Amino acid sequence: MTQHAPLIDRFDRRVTYLRLSVTDRCDLRCTYCMPERMQFLPKADVLSLEELEVLAKGFIARGISKIRLTGGEPLVRRDVMQLVRALGRELGNGLDELTLTTNAMQLATYAEYLAAAGVERINVSLDTRDPALFAQLTRRDGLERVLHGIAAARAAGLRVKINTVALKDQNEGEIPALIRWAHEHGHDLTLIEVMPLGEVEGERVDHFLSLTAVRAALEKHFTLTDLPDSTGGPSRYVRVEETGGRLGFISPLTNNFCAGCNRVRVTATGQLYACLGGAEQVDLREALRSDAPEARLAEALDTAMQIKPERHHFRIAEGEGPALARHMSVTGG
Ligand code: SAM
Ligand code: SF4
């Protein structure tokens, strides 16, 4: 029966990882992610928390064992803990890991609830520890809140990985200090290359920084030892011998990681994107709002496996628009 069959695509990749966006809204406005006056999705188009739960459970029935909640900012979705608790109850019943990616603005409020619901680790996005640069990059004052949120997560027993977008002439010079700070506090840190998703103000290429160049620069400060890939994802990890901590590199533009891709993404309106860098899409909301949601959802997931592309085709170049019109805050990071 297709309702319980594992999700395997045409290239024999088993899909076990769902990134689920619960909102496209956000309490920050990171310059590389969205414009100041971001046009958010109409609320009626966004899945209800109940629909998100049915959807997630439909995926779990098909062998999805890891769910990451994202956005936009997942913690600005009203009553999001209702969904977190419901999915937390699936841990051990097919679901192995429930996690989320957050900007940490609301984390001090939610850290303990997340831990109580069964979340063990989270990703926090932080590009700088300089208050002025934070305000410039996010267009909001919030660094103190974010650092407080990270401390609260640690105190609640959550493992925190820091994600940092590497930005030429912005946080470029601060990266070694960020790595030292993260490792001193027991956090892994992953560096991310800017991806050409959605229109933003300014030319993204101005701040594009190749992680190959970042790694070369870091090797002047640190001894980096390659580690075997343990996540099955696009990160490549090294150990920083001087700190003993782990450092990851996510470079979709300069490195191809598609062969081992095990994931799909679903937007807050229930659009499944089979690839972050592609337009292949299946409407799960239509299935969810039909007379036979479970059966239609299972069919839609079969379709998704048929259209998942072999690899992405990102490019970032001067004078070109975004490779894809949708913003990262829509598909989720
Ligand atoms: N608001 C949450 C946060 O910032 O962690 C979750 C959603 S955010 C879209 C997820 C990740 O995507 C963040 O680490 C962010 O830095 C990253 N991101 C956003 N736009 C990006 C872009 N154009 N290229 C690369 N990373 C991007
Ligand atoms: Fe919001 Fe995350 Fe995008 Fe920043 S990266 S604007 S925190 S969704």
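Thresholds applied
- Residues numbered from 1 in each chain as written.
- Chains lettered and ligands numbered in written order.
- Predicted model: local features only at pLDDT ≥ 70, side-chain atom pairs only at ≥ 80, totals over all residues.
- Heavy atoms only, no water.
- Buried < 20%, exposed > 50% of the residue type's maximum accessible area, 1.4 Å probe, protein only.
- Helix = DSSP H or I, 4+ residues; strand = E, 2+ residues; numbered from the N terminus.
- Contact = heavy atoms within 4.5 Å.
- Near = heavy atom within 4 Å.
- Polar contact = N/O pair within 3.5 Å; in protein donor to acceptor, adjacent residues only side chain to side chain.
- Areas by Shrake-Rupley, 256 points an atom, 1.4 Å probe, with all protein chains shown as cover.
- Nonpolar A, V, L, I, M, F, W, Y, C, P; charged D, E, K, R; others polar.
- Pairing = 2+ DSSP bridges.
- Axes fitted to C-alpha atoms, helices over the stretch in contact; angles between N-to-C directions.

A. Highlighting helix α2 (residues 80-88). Burial within α2 is extensive, with seven of its nine residues counted as buried. Looking at α2, one finds that the buried residues are V80, M81, L83, V84, A86, L87 and G88. Of the surrounding secondary structure, the elements contacted by the buried residues of α2 are α1 (49-61), β2 (66-70), β3 (97-102) and α3 (107-116).

B. Structural view of the site of ligand 1. Taken together, 18 residues are adjacent to ligand 1, and Y32, G72, T101, S125 and M195 come closest. In the model, a nitrogen atom of ligand 1 is placed 3.0 Å from a nitrogen or oxygen of the G72 main chain. Within the side chain of E73, an N or O atom sits 3.2 Å from a nitrogen atom of ligand 1. Expressed as a share of its isolated accessible area of 540 Å², the protein-covered part of ligand 1 is 95%. Within the shell around ligand 1, the residues separate by chemical class into seven nonpolar, eight polar and three charged.

C. Inspection of the site of ligand 2 at higher detail. Near ligand 2, the surroundings consist of C26, L28, R29, C30, C33, M34, G72 and N103. For the shell around ligand 2, the residue count by class is five nonpolar, two polar and one charged.

D. Spotlight on the sheet that holds strand β5 (residues 159-165). Pairing in this open sheet of twelve strands is mixed, and the strands run β7-β8-β9-β6-β5-β4-β3-β2-β1-β10-β11-β12 from one edge to the other. Edge positions in the sheet fall to β7 (224-226) and β12 (281-283), since each has one partner strand and no second. Sheet twist, expressed as the average angle between the axes of neighbouring strands with direction ignored, equals 25°. Judged from the three bridges that link them, β3 and strand β4 (residues 121-125) form a sheet pairing that is parallel. Along β4, the bridge assignment pairs T101 with N123. Sheet strands touched by helix α7 (residues 211-218): β6 (189-192), β7, β8 (235-240) and β9 (246-250). Its angle to β9, the strand with the most contacts, is close to 155°.

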